[in-house]
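Breakdown of the fold
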Amino acid sequence: MTVNVGTTSSPLPAEISTLSADGCGWGGAAVVLGGRKSRPQGEGRQRKEQQVAVMSEDAPVNTGATGWPGITSAALVVRRIQGKLHCWALADGERRFDDLFNLVCDPAVLTVAWERVASNKGARTPGVDRATVARIASQVGADAFLQNVREQLKARTFSPAPVRRVMIPKASGKVRALGIPTVTDRVVQAALKLVLEPIFEADFQAVSYGFRPNRRAQDAIAEIHHYATNSYRWVLEADIEACFDNIEHAALMDRLRRRISDKRVLALVKSFPKAGVMTTIGTTEGTITGTPQGGILTPPTQLATSSSRCR
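This one's a predicted model, so the numbers in the text were calculated from it and none came from an experiment.

1. Remarks on the overall build of the protein chain
Each helix and strand in the protein chain was counted, giving 12 helices and 6 strands. Long-range pairs, those at least 24 residues apart, make up 80% of the contacts in the protein chain with a sequence separation of at least 6. As displayed, the protein chain offers around 15900 Å² of accessible surface, 52% of which is attributable to carbon and sulfur atoms.

The structure is reproduced here in structure tokens:
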């Protein structure tokens, strides 16, 4: 069977439409702006134990659509894609995913990625090219901009720019270095996140809260409160010093390869931490280790490495 996830002028194909809106537990948080709803403890594990029926692994995905959909129809298509990926990841913990690059380039995915970037409070913050979301929308137009990004991705000519280093104060009196990507790079990162996040979400335990959709620090605090009222008396607080700064690129890519076999996606992910940093004085520095804080792709790369610690 063939599934065309790029066509938005007609109803979704039956093969995708047969999936529930939640997609084996996937709530579509990546496309629901501002959505916050905690998942019950152990839900992911319970669904896996129940062996929820999913679509055939042999169903190919055809993303040949060229039109640019509206955000509502695009969000629906992306949610269906995410549900399908999440179902497959839950059903087979050893499965490696191929042919994801076409999903990253799909008009619906790029449309939702643009919406995510444009609606973020950082939309007014430019990267090294000084372009903001508003400037691109007014001078180029969202559709023309996305078409150009898609053509670069499909032609394999896309290359991320160095992030712009910005120093922000911390409560302790110290400063934290952020790396601000260009708007173009943010859109590509957001597209990668939309595709990769449902896969790696399947590998987490219910007790993990960091960098996960539909979860936040308040949920972890509520969990602590629950256990504290049921005879538990000790809470251990720990932190990995300079975690983002010290992530080994080779170890990160090895972790990604456990689930991703599409070399085009792996190369695209790898290009971001290798893009370098433009300092506050205008010089460019290479990045041997670490992922710059401030980019959209930082949480998924952290997510990939963290999921292995949760096993």
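Now that the structure has been shown, the text picks up again.
2. Regarding the nonpolar core
Counting residues in hydrophobic clusters, the biggest one holds 55 residues, and the most contacted among them are Leu100, Leu153, Val187, Ile260, Val265 and Leu268. At the level of elements, helix H3 (71-91), helix H4 (101-104), helix H5 (107-119), helix H6 (133-139), helix H7 (142-155), helix H8 (183-201), helix H10 (249-257) and helix H11 (263-271) are the ones that each hand at least two residues to this core. Other than its neighbours up to four places away in sequence, Val187 contacts Leu110, Ala113, Trp114, Val117, Phe145 and Leu146.

3. Brief notes about the sheet that holds strand E6 (residues 284-285)
The strands making up a sheet associate through backbone hydrogen bonding, with each pair oriented either parallel or antiparallel. Strand order in the open sheet made by the 4 strands is E4-E3-E5-E6, with mixed pairing throughout. Each end of this open sheet is capped by a strand with a single partner; those strands are strand E4 (175-180) and E6. As paired strands, strand E5 (residues 277-278) and E6 are joined by 2 bridges and run antiparallel to one another. Bridge pairing links Val277 to Glu285 in E6.

4. Structural notes on the environment of Glu197
Tracing the backbone shows Glu197 in helix H8. Distance in space between the C-alpha atoms of Glu197 and His86 is 8.6 Å, their sequence separation being 111 residues.

5. Looking at the pattern of salt bridges
A full pass over the atoms with the stated rule returns 8 salt bridges. Residue Glu201 pairs with Arg212 through a salt bridge whose shortest N-O separation is 2.9 Å. Taken together, the residues Glu201 in helix H8 and Arg212 in the loop between H8 and helix H9 (217-228) connect sequence positions 11 residues apart. This pair shows no difference in class: Glu201 is buried, exactly as Arg212 is. What you see here is one network of salt bridges that share partners, running through Asp99, Asp262 and Arg264.

6. Some details on the packing of H5 against H8
It is at 8 Å that the axes of H5 and H8 come closest, and there the two elements cross at 120 degrees. Relative to H8, the element H5 is oriented oblique. As H5 packs across H8, the resulting crossing turns out to be right-handed. Mapping the contact onto sequence places Val109, Leu110, Val112, Ala113, Trp114 and Val117 in H5 and Val183, Arg186, Val187, Ala190, Ala191, Leu194 and Val195 in H8.

7. Observations concerning the confidence of the model for the protein chain
Low pLDDT means the predicted coordinates in that region are not meant to be read closely. Predicted confidence across the protein chain gives a mean pLDDT of 78, with 74% of residues reaching 70 or more. When the criterion is pLDDT under 50, residues 1-21 qualifies, and its contacts beyond four places in sequence or with other chains add up to 49 contacts. Across residues 28-64, confidence stays below pLDDT 50; counting only partners more than four residues off in sequence or on other chains, it has 85 contacts.

8. Section: the environment of Arg135
Structurally, the position occupied by Arg135 is in helix H6. Accessibility expressed as a relative area gives 38% for Arg135, which makes it partly exposed. Sequence separation of Arg135 and Arg124 is 11 residues, and the distance between their C-alpha atoms is 9.2 Å. In this structure Arg135 touches Asp129, Arg130 and Val140, once residues within four positions along its chain are discounted. A distance of 3.4 Å separates a polar side-chain atom of Arg135 from the backbone oxygen of Arg130.

9. Quick notes on the packing of aromatic side chains
Per the counting criterion, the structure on display carries 3 aromatic pairs. Seen from their ring centres, Trp114 and Phe145 are 5.3 Å apart, and the 50 degrees between their planes marks the pair as tilted. On the criterion of sequence distance, the pair formed by Trp114 in helix H5 and Phe145 in helix H7 is long-range, its members being 31 residues apart. Its relative accessible area of 10% is what places Trp114 among the buried residues. Classification of Phe145 by relative accessible area gives buried; the value is 7%. Ring geometry for Phe158 against Phe272: centres 6.1 Å apart, planes inclined by 45 degrees, an arrangement best described as tilted. Here Phe158, found in the loop between H7 and strand E3 (163-169), pairs with Phe272, found in the loop between H11 and E5; they are 114 residues apart in sequence, far enough to count as distant. Across the pair, exposure class does not vary: Phe158 and Phe272 are buried alike.

What counts, and at which threshold
- Residues numbered from 1 in each chain as written.
- Predicted model: local features only at pLDDT ≥ 70, side-chain atom pairs only at ≥ 80, totals over all residues.
- Heavy atoms only, no water.
- Helix = DSSP H or I, 4+ residues; strand = E, 2+ residues; numbered from the N terminus.
- Contact = heavy atoms within 4.5 Å.
- Areas by Shrake-Rupley, 256 points an atom, 1.4 Å probe, with all protein chains shown as cover.
- Core = buried A, V, L, I, M, F, W, Y, C linked by side-chain atoms within 4.5 Å.
- Buried < 20%, exposed > 50% of the residue type's maximum accessible area, 1.4 Å probe, protein only.
- Pairing = 2+ DSSP bridges.
- Salt bridge = Lys/Arg side-chain N within 4 Å of Asp/Glu carboxyl O.
- Axes fitted to C-alpha atoms, helices over the stretch in contact; angles between N-to-C directions.
- Parallel < 35°, antiparallel > 145°, perpendicular 65-115°, else oblique.
- Left-handed = near helix turned anticlockwise from the far one by under 90°.
- pLDDT = per-residue confidence, 0-100.
- Polar contact = N/O pair within 3.5 Å; in protein donor to acceptor, adjacent residues only side chain to side chain.
- Phe/Tyr/Trp six-rings, centres within 6.5 Å; stacked < 30°, edge-to-face > 60°.

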